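Listed below are the residues making up each chain.
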Amino acid sequence: MITAAQFRPLVPNVPWSSFKKINYGWALKRLPMVALALLSSWGVGGFILQSNKAPVFVAIIGSSAFDLVFLGVIALADQQLTSRKSTHKLYWVLNIGAATLAALLNTLYYSGGSYGNITAESVTHGALFAVFGLLYSLYYHSVMTIAIEQDELESERLNAIVDCRYCKTPCKNQAAEYGHFKTCVMHPKNRSISNE
Ligand SMILES: [Zn+2]
């Protein structure tokens, strides 16, 4: 079964000194997104440089900012791991925004910085990695959401469990405990009957 823990970067209840602290499965699954973001940031930086109006360090800051936003969104999404609708919407607005910006700036970069020069080849260079990254992120997030919902259902089920106050038998909820009283051997009413 998939659980939300598989979507966390660190393994809980493992000391920091252990190499098992890092969730390597998580890192492997996230690696394609990091690689695609880095690829896209190359075009973002290149585009800034191409204008001949900005020095190299501005291009580096620009492309890093793009990467940091993208990776920050991923890190926050993994940390929060909620199935709340508002968080989801923002996650997608940021993701789609980053992918669109990357596709646009990369395509322009490979077109020599001019909309007039956009060709099928420059779109292939510029847009496909961003689209691919977005699709991968869509897939990853949907699998993660299912796992979180399963975890939430399971914790609701565990929270609802009530132990019988007389014999300590676990009952699935409060109503089930009251139902169980009829047959509970330790219930005062049943004990008085059996004693008669
Ligand atoms: Zn009982």
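A. Looking closely at helix α4 (residues 120–160). Taking 1.5 Å per residue as the helical rise, α4 with its 41 residues ought to reach 60 Å, and the 58 Å between its terminal C-alpha atoms agrees with that figure. The principal kink in α4, of about 40°, is found at A127. All buried positions along α4 are accounted for by G126, A127, F129, A130, G133, L134 and S137.

B. Looking closely at the domain arrangement of the protein chain. Here the domain parsing of the protein chain yields domain 1 (4–160) and domain 2 (162–195). Computed from C-alpha coordinates alone, the two centres of domain 1 and domain 2 are separated by 53 Å.

C. Here's a closer look at the nonpolar core. Grouped together as the largest cluster of nonpolar side chains are 22 residues, with contacts concentrated most on V44, F47, F70, A99, A102, L105 and A130. Taken together, the elements giving at least two residues each to this core come down to α1 (24–50), α2 (56–80), α3 (85–110) and α4. Broken down by element, this core gets its largest block of residues, eight residues, from α3. When residues no more than four places from it in sequence are discounted, the contact partners of F70 are A37 and A98.

D. Up close: the environment of I96. Inspection of the secondary structure assignment puts I96 in helix α3. Residue classification places I96 among the partly exposed positions, given that 13 C-beta atoms sit within 10 Å. Distance from I96 to L10, taken between C-alpha atoms, is 27 Å for residues 86 residues apart in sequence.

E. Broad picture of unusual backbone geometry. A positive phi angle, close to 65°, is found at N13, a residue other than glycine. Within the secondary structure, N13 is located in the segment before α1. In this structure, N52 takes a positive phi of about 60° despite not being glycine. By the element assignment, N52 lies in the loop between α1 and α2. Its 7 C-beta neighbours within 10 Å are what place N52 among the exposed residues.

F. Looking closely at the packing of α1 against α4. Across the interface, α1 lies against α4 with an axial gap of 9 Å and an inter-helix angle of 155°. With respect to their mutual orientation, α1 and α4 come out roughly antiparallel. In the crossing of α1 with α4, the sense of the turn from one axis to the other is left-handed. From α1, K29, P32, M33, L36, A37, L39, S40 and G43 reach across to α4, where they touch G126, F129, A130, F132, G133, Y136, S137 and Y140.

Cut-offs and rules
Residues numbered from 1 in each chain as written. Predicted model: local features only at pLDDT ≥ 70, side-chain atom pairs only at ≥ 80, totals over all residues. Helix = DSSP H or I, 4+ residues; strand = E, 2+ residues; numbered from the N terminus. Expected span 1.5 Å × (residues − 1). Bend = angle between axes of the 7 residues up to and from the residue. Buried ≥ 20, exposed ≤ 12 C-beta atoms within 10 Å, placed from the backbone. Domains from an automatic or database assignment. Core = buried A, V, L, I, M, F, W, Y, C linked by C-beta atoms within 7 Å. Contact = placed C-beta atoms within 7 Å. Axes fitted to C-alpha atoms, helices over the stretch in contact; angles between N-to-C directions. Parallel < 35°, antiparallel > 145°, perpendicular 65-115°, else oblique. Left-handed = near helix turned anticlockwise from the far one by under 90°.

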